[in-house]
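Residue-level structural notes
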Amino acid sequence: MDRVQNIENYLQQLFPICRSITGEGNRETLRILSELIPLKIGEYPSGQKVFDWIVPQEWNIQDAWIKNAQGEKIIDFKKTNLHVVSYSEPVCKKIKGVELAKHLHYLENYPQAIPYRTSYYKKDWGFCLSFADYKKFIDADEEYEVCIEAEFKNGGLTYGEWLIKGKKPQEILISTYICHPSLANDNLSGLVLTAFLADELSKKKCNYSYRFIWIPETIGAVAYLAHNETIMKKIAAGFVVTTAGGPGMMGYKQSWDADHYLNQIVAEVLSDEYGAGQYKIYPFDGHGSDERQYSSPGFRINTVSVTKDKYYDYPQYHTSQDDLNFVSAENIEQTLKIYLKVIDKIENREVYRRVEPHGEVMLSRHGLYPESGGAQIPGNMRMTELDVILKVLFVMDGSMSVTDMVYRLGIEEKLVSSVIHKLEKCGVIEKT
Ligand code: ZN
């Protein structure tokens, strides 16, 4: 079976499952992914304190509906799980339309779409429906019967994990979230792509080790960080895989440090693939996904998201119209290929460091100090080779490649390369 067809099969299987931040739907999702890759499924117990958060009770739902006075189901969870506000309390009662309306969510300016809503940390219940159905079915004076057959219990928060060991112990994080119910781009596309990416990397001989995790957004990332604090503080860089399968333009959300090499690499790959300016750039901001946790002051991991119709940025976002008509396996595969090219560049990146990083290098001892002044390099802002040597040696902190230094210093690549070559020959610097 070809890869696109295989991605399509997983999309079809996983789309209908009712996922949330905890519950059977998440276990089922990870179990299905474990047919493709040998991920380990783990649980963090309800009530456990993880940094400033507490793992909530587990929530499971069997059924939910609203019936009108004639006993006809006008809203049915079995048609789409988006009809119920995630983490709704159980309820079963007769209720007047005017009261019921306080528990209904719809989008007046997007009348055919059912919105996606959650109430994780405030005890409440609710239904979501299209504005068209709201107008058609809900009358303030009519009596309705509502039923949400759900339960809370002390259970667990389920996560999936797979560490693919490379030649180096240094790790790259690849994280995605599994807490959204039947929504295709956000984020079924991401969790499926992540599984296929893991499958591809497991077949290569990688230099870096790759830590793949499938967790519910926010609370899952916080809990994972709390349980793996030492490891996560040593992560070299990472990706938060999300919204990767829409029909729109490819783009990437930058990591918190815009100068970090990962941003340059992703931009290079996207430029090579689509041409300069033919992709979107989303500067880092405090909204978004689990980069909020990974980049928090205690961790400061640089993570990038490569997106094809990024969350917030398409009208179907968080509605029933973010479905399998909007997302395609071909689009997911296209984004998967971008991730593979980016990882290939990370794998082959040559990084330099100073043999003696303390203090300045004594240039004259290595024959690097000019015997006479005035030797400016033509056409380069009246810069001398000595200037380039000093600047290169100053920024060389053991994490930068030639491309990074070119970007950081704003000096032509051929000048930086020739200086690097000279410094390496003198034994002042070395490749790590
Ligand atoms: Zn979302």
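Quick note: structure is the one above.
Described in the following lines is the structure provided in the data block. (Residues numbered from 1 in each chain as written. Predicted model: local features only at pLDDT ≥ 70, side-chain atom pairs only at ≥ 80, totals over all residues. Heavy atoms only, no water.)

Observations regarding the sheet that holds strand 5 (residues 73–76)
Hydrogen bonds between backbone atoms are what pair the strands of a sheet, whose relative direction is either parallel or antiparallel. Reading across the sheet, the four strands line up as 5-4-9-6 and stay open at both edges, with antiparallel pairing between neighbours. Of all the strands in the sheet, just strand 5 and strand 6 (91–96) have a single pairing partner and so form its edges. Each strand of the sheet is rotated relative to its neighbour by a mean of 20 degrees, with strand direction disregarded. Examined bridge by bridge, strand 6 and strand 9 (residues 143–153) share six bridges and lie antiparallel to one another. Pairing of K94 across the sheet is with E145, part of strand 9. (Pairing = 2+ DSSP bridges. Helix = DSSP H or I, 4+ residues; strand = E, 2+ residues; numbered from the N terminus. Axes fitted to C-alpha atoms, helices over the stretch in contact; angles between N-to-C directions.)

A few points about the coordination of the zinc ion
Note on the zinc ion: its protein donors are H180 (NE2), D186 (OD) and H318 (NE2). The metal-donor distances range over 2.1 Å. Each donor residue of the zinc ion lies on one chain, and together they are spaced H-x5-D-x131-H. Side by side, H180 and D186 carry an identical accessibility label, which is buried. (Donors = N, O, S within 2.8 Å, 3.2 Å for Na, K, Ca; no water. Buried < 20%, exposed > 50% of the residue type's maximum accessible area, 1.4 Å probe, protein only.)

So, the packing of aromatic side chains
With the rule as written, the count across this model stands at 20 aromatic pairs. Taken together, a centroid distance of 5.6 Å and an interplanar angle of 85 degrees make the contact between Y312 and Y317 edge-to-face. Considering the side-chain rings of Y314 and Y317, the 5.9 Å spacing of their centres and the 75 degrees angle between planes classify their relative orientation as edge-to-face. Each member of the pair, Y314 as well as Y317, is classed as buried. A connected cluster of aromatic rings, assembled from ring pairs, spans W53, W59, Y87, Y120, Y121 and F152. Just above the ring of F284 sits the side chain of K253; from NZ or CZ to the centre is 5.0 Å. (Phe/Tyr/Trp six-rings, centres within 6.5 Å; stacked < 30°, edge-to-face > 60°. Lys NZ or Arg CZ within 6 Å of the ring centre and 35° of its normal.)

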